[in-house]
Amino acid sequence: MSELAIEREIDRSKMQVSDEVAIEITNMNKWYGAFHVLRDINLTVQRGERIVIAGPSGSGKSTLIRCINALEEHQQGQIVVDGTVLSSDLKNIDKIRSEVGMVFQHFNLFPHLTILENCTLAPIWVRKIPRKEAEETAMHFLEKVKIPEQADKYPGQLSGGQQQRVAIARSLCMMPRIMLFDEPTSALDPEMIKEVLDTMIELAEEGMTMLCVTHEMGFARQVANRVIFMDQGQIVEQNEPEEFFNNPQSDRTKLFLSQILGH
Amino acid sequence: MSDLSFVRTEMLPEKEPPASTVGAIGWARENLFSGWFNSILTVVSLTVIYYVLSTLLTWAISPTWSATSLGECRDILAEVGREGHYAGACWGVIRDRWIQLLFGFYPSELYWRPILAFILLGVALAPVLFSDKVTPKLLWFSAVFPFLFPWLLWGGTIWAPLAVIAGFVIGWFVYKAVDASAGSLAGIIAAVVAAVVWWMFLSGYVVNGVPNPDDPNAVGGLNALLPIGIEAVESRNFGGFMLSITIGVVAIACSLPLGIVLALGRQSDLLIVKALCVGFIEFIRGVPLITLLFVASTLLNIFMPPGTNFDIILRVIIMATLFASAYMAEVIRGGLAALPKGQYEGADSLGLNYWQAQRLIIMPQALKISIPGIVSTFIGLFKDTTLVSIIGLLDPLGLSNSIRADAAWNGIVWEIYGFIALMFFVFCFAMSRYSMYLERKLHTGHR
Ligand SMILES: Nc1ncnc2c1ncn2[C@@H]1O[C@H](COP(=O)(O)OP(=O)(O)O)[C@@H](O)[C@H]1O
Ligand SMILES: [Mg+2]
């Protein structure tokens, strides 16, 4: 993957990490049938952290972040999100899901609803916000991702980059305290990657807690305050971006970096 | 050599395209005579079409509208010099019996009731079928109509439909009460039980009072207090297209929601629910409809407590509904399977619960994908209503037998069946066109 140059100045003043714990994962294990996909994961995320998760395909990155909002069930260990323990209790799961936004590789917009309806659906039905208010919020976030003029179109009429920005706006409309990104730019053409990354940078500048699975190493270098490297279901290494890229510790990390940075 | 130009300096004037590629001739050439094989096919088809149409039209265009018997028809045709078996159609039978083909033996002074019922049916369907053109306020009428419709057709006391509505209200309150304390599944089960108990056992006492063993005709309950009602018409007087449409419309309206529930149940994680749904679907699909109708007409009485009068048309409607809903469930399951997993994940990640996700995200898309299959099932169901003639109900086909047995019309075949076929075609074709309209309307430009 290319290292995309991010041209603009990034304002790191608000990107402050607080002591408050946003996500705490302890000794988490997960199996798909007999296949041990996540092994002994321990991870603490402070509020305001921007974490990039990297690793070869099939290493369990998606599975890990999908466990955080219970799209996947873990079998062992504990996950605490915003002080709520993830258990099989449906009330807890719905509560966590409504506070954790998620952006997918393939957008997963609802094709039968307009952009505006996509953005207001969950606030109206889950948060029980009046329609009018929900629409105002939605327009606010659509402006933020710079596509308010598309509000009445259907997802199928938008470009990939626009769809992904709608997906981000849709998550933001729920006022989440944590955002999860699963390869948000992998399905996009190069010229659209930038517009999505710009949106994500803006979010980071506002102090959002973010976990991003991505191969955009430029983004990792400039925005992340921690990079996590996963391989075969384990967290192999984690470090600040500078250290991570310039001074990788394990051989697997070195191999991965040499491949992805194209040396 | 030097003034030789390699670039053309003036253009040739534009010419008309040759006549053989445009216009009617061009079209015919391209579509009908593009090659010797296609030309032969065209000529053969045209000959066949000409032969069929000319025979059919000479038969159908026949001055027999006013005839009162088959013999009279033959006389009229002989007068204009047309002899033989297929000399001409005998349309007198349609003039004589069309009312019967529409209403069966419904009392003629009460025809206004089915007519009004079917007009109101159109009004009730309008906001459902054309939701973007008709005001949603009419949906209130659509909600009340299912109770009004049978009352208009069968008549009787006003308290009967109100008692049925009361059952729904009771179910609703039971659901609300149980849902708060024991969860939504328990709530639904309790609500269904409460409503069924009300309809089967309690409502009778409230409407008609406690039965008096000495005088079975005595009325009590609300009927005695406030005897409001219209003249009752018995089920055996129902017939003709009125009967077909009644069975068809009710079964269609009920089989869609039941099919959705079955399709969802089949995908459920709850083992018992899933097993029940799969068992039901496979059983119903494995049995011919006619068997179910025989069960409805004869066997069911054996299981009923003696003396209960379980209306035959209601029994047939229930069987037709169950039959169609099994097919419907499979059609909808196909639509559900066609949805990408990402749609479920998108809904889940926003915190929508199971029912919200189904109602707002999954079903609208799955149903849209399944429209052709759903409408095929509807059309099949509507045509299958003709099977009720076998268990003695007088639908158009059942009536045609009695008309043909009439001495005046003995020997008539094509005219009646042609008329019935045409009527069915009109309804089925309308449904098919509506489904195409709906598909176009719901198309929002998928990837
Ligand atoms: N639903 C599933 N059932 C079985 N195996 C799965 C499933 N989803 C993912 N896997 C397997 O788990 C491993 C990790 O998958 P994933 O988390 O998607 O990897 P990544 O996102 O890092 O590429 C892969 O080997 C994949 O084949
Ligand atoms: Mg992945």
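Residues numbered from 1 in each chain as written. Chains lettered and ligands numbered in written order. Predicted model: local features only at pLDDT ≥ 70, side-chain atom pairs only at ≥ 80, totals over all residues. Heavy atoms only, no water.

## Focus on the overall build of chain B
So the rule is basically this: Think of it this way: any DSSP run of H or I at least four residues long counts as a helix, any run of E at least two long counts as a strand, and we number them from the N terminus. Based on C-alpha atoms, the radius of gyration is set beside the globule rule, defined as 2.2 Å times the residue count to the power 0.38. Think of it in three bands: residues with accessible area under 20% of the maximum for their type are buried, residues over 50% are exposed, and the middle band is partly exposed, with areas taken using a 1.4 Å probe on protein chains only. Only heavy atoms enter the contact rule, under which two residues are in contact if any of them lie within 4.5 Å.
Scanning chain B from N- to C-terminus turns up 17 helices and two strands. The globule rule puts the C-alpha radius of gyration for 447 residues at 22 Å, and the 30 Å found for chain B is more than 25% above it. Counting only C-alpha atoms, chain B reaches 120 × 80 × 40 Å along its principal axes. Classification of the 447 residues of chain B by burial places 37% in the buried group. Counting only contacts in chain B whose residues sit at least 6 apart along the sequence, the fraction spanning at least 24 positions is 70%.

## Details of helix α13 (residues 312-338) of chain B
The line we're drawing: To estimate the expected span of a helix, count its residues, drop one, and scale the result by 1.5 Å. In protein, a polar contact means a hydrogen-donor-capable atom and an acceptor-capable atom, both N or O and within 3.5 Å, with residues adjacent in sequence counting only if both atoms are side-chain atoms; elsewhere, any N or O pair within 3.5 Å suffices.
Taking 1.5 Å of rise per residue, the 27 residues of α13(B) would be expected to cover 39 Å, and the 39 Å separating its terminal C-alpha atoms lies within 8% of that figure. The residue sitting at the N-terminus of α13(B) and contributing the capping side-chain oxygen is D311(B); that oxygen lies 2.8 Å from the backbone nitrogen of I313(B).

## Some details on the interface of chain A and chain B
Quick reminder of the rule: Buried area adds together the accessible area that both of two parts lose upon being put together, with accessible area traced by a 1.4 Å probe. Here a salt bridge means any side-chain nitrogen of Lys or Arg lying within 4 Å of a carboxyl oxygen belonging to Asp or Glu. When residues are sorted by character, Ala, Val, Leu, Ile, Met, Phe, Trp, Tyr, Cys and Pro go into the nonpolar class, Asp, Glu, Lys and Arg into the charged class, and all the rest, Gly among them, into the polar class.
Listed by partner, the interface residues are 26 residues for chain A and 22 residues for chain B. Around 2,100 Å² of area is buried between chain A and chain B when both sides are counted, 60% of it from carbon and sulfur atoms. If you sort the residues of chain A by the area they bury against chain B, P111(A), H112(A) and W125(A) come out on top, with a joint share of 28%. The tally of links between chain A and chain B comes to one salt bridge. For E345(B), the salt bridge is made with R66(A), and the minimal N-O distance between the two is 2.7 Å. Counting across the chain A and chain B interface gives six residue pairs in polar contact (both at pLDDT 80 or more). Elements represented by at least two residues in the side of chain A that touches chain B include exactly α2 (90-99), β6 (100-103) and α3 (115-125) of chain A. Of the residues contributing to the side of chain A that touches chain B, the split by class is 14 nonpolar, seven polar and five charged.

## Some thoughts on the sheet that holds strand β1 (residues 21-32) of chain A
Residue and element names in this part refer to chain A. Our working definition: The rule for pairing is simple: two strands pair if DSSP sees at least two bridges between them.
On the basis of which strands lie adjacent, the open sheet formed by four strands has the order β2-β1-β4-β5 and antiparallel pairing. Taken across any chain shown, the strands that pair with only one partner, and hence form the sheet edges, are β2 (35-46) and β5 (84-85). Bridge analysis of β1 against β2 gives eight bridges, and the strand direction is antiparallel. Of the residues in β2, the one forming a bridge with M28 is I41.

## Examining the packing of helix α15 (residues 354-384) of chain B against helix α17 (residues 414-442) of chain B
Residues and elements named next belong to chain B. The following threshold applies: Here the axes come from fitting lines to C-alpha atoms, over the contacting stretch only for helices, and the angles between their N-to-C directions go from 0 to 180 degrees. The labels follow the angle: roughly parallel below 35 degrees, roughly antiparallel above 145, roughly perpendicular from 65 to 115, and oblique for the rest.
The contact between α15 and α17 brings their axes to 10 Å, and the two run at 170°. Judged by the inter-axis angle, α15 sits roughly antiparallel to α17. Along the contact surface, α15 presents K368, I371, P372, V375, F378, I379, F382 and K383, while α17 presents F424, F427, C428, M431, S432, S435, L438, E439 and L442. Of the residues in the contact of α15 with α17, the class split is twelve nonpolar, two polar and three charged.

## Here we look at the sheet that holds β6(A)
Sheets are built from strands paired through backbone hydrogen bonds, the pairs being either parallel or antiparallel. All names here are of chain A. Pairing is mixed across the open sheet formed by six strands, whose spatial order is β6-β7-β8-β3-β9-β10. At either end of the open sheet lies a strand with only one pairing partner, and these are β6 and β10 (234-239). Each strand axis lies, on average, 20° off the axis of its neighbour in the sheet, ignoring direction. Bridge count for strand β3 (residues 50-54) against strand β9 (residues 226-231) is four bridges, and the pairing is parallel. Across the sheet, A54 pairs through a bridge with F229, a residue of β9.

## So, unusual backbone geometry
Residue and element names in this part refer to chain A. Of note, the phi angle at F107 is positive, near 65°, even though the residue is not glycine. Mapped onto the secondary structure, F107 falls in the loop between β6 and α3. Even without being glycine, Q232 reaches a positive phi, approximately 45°. Of note, Q232 is situated in the loop between β9 and β10.

## Here's the deal with the site of ligand 1
Residue and element names in this part refer to chain A. Worth spelling out the cut-off: When we say a residue is near a molecule or strand, we mean one of its heavy atoms is within 4 Å of it. All accessibility values rest on the Shrake-Rupley procedure with a 1.4 Å probe; residue burial counts only the protein chains present in the view.
For ligand 1, the full set of nearby residues is Y32, F35, V37, P56, S57, G58, S59, G60, K61, S62 and T63. In this structure, Y32 approaches ligand 1 through a side-chain N or O atom, which is 3.4 Å from a nitrogen atom. Taking K61, its main chain carries an N or O atom lying 2.9 Å from an oxygen atom of ligand 1. With the chains in place, 60% of the 560 Å² that ligand 1 exposes on its own is no longer accessible. Counting residues per element, the ones that place at least two in the shell around ligand 1 are β2 and α1 (61-68).

## So, the packing of aromatic side chains
All names here are of chain A. Short version of the rule: Planes of paired rings set the category: under 30 degrees apart is stacked, over 60 is edge-to-face and the rest tilted, where pairs are Phe, Tyr or Trp rings (Trp by its six-membered ring) whose centres lie within 6.5 Å. Note on geometry: a ring has a charge over it if NZ (lysine) or CZ (arginine) is within 6 Å of the ring centre and within 35 degrees of the ring normal.
A complete count under the given rule lists 22 aromatic pairs over all chains for this structure. Sitting above the plane of the Y32 ring, K30 keeps its charged end 4.7 Å from the centroid. A cation over a ring is seen here: R170 above F110, with NZ or CZ 4.5 Å from the ring centre.

## A look at the nonpolar core
Stated precisely, the cut-off is as follows: Only buried residues count toward a nonpolar core. Its members are Ala, Val, Leu, Ile, Met, Phe, Trp, Tyr and Cys residues joined through side-chain atoms within 4.5 Å.
Counting 65 residues, the largest nonpolar core has Y106(B), F238(B), I313(B), I332(B), L336(B) and I361(B) as its most contacted members. Mapped onto this core, the elements with two or more residues apiece are α3 of chain A together with α5 (112-129), α6 (139-154), α10 (240-266), α11 (271-285), α12 (289-303), α13 and α15 of chain B. With twelve residues, the single largest contributor to this core is α13(B). In this structure, I332(B) is in contact with L256(B), G259(B), I260(B), A263(B), M363(B), L367(B), S370(B) and I374(B), ignoring residues within four places of it in sequence. Core analysis: the next-biggest nonpolar cluster, separate from the first, contains 49 residues, I147(A), V166(A), L172(A) and L257(A) among them.

No statement about biological role is implied by the geometric values presented.
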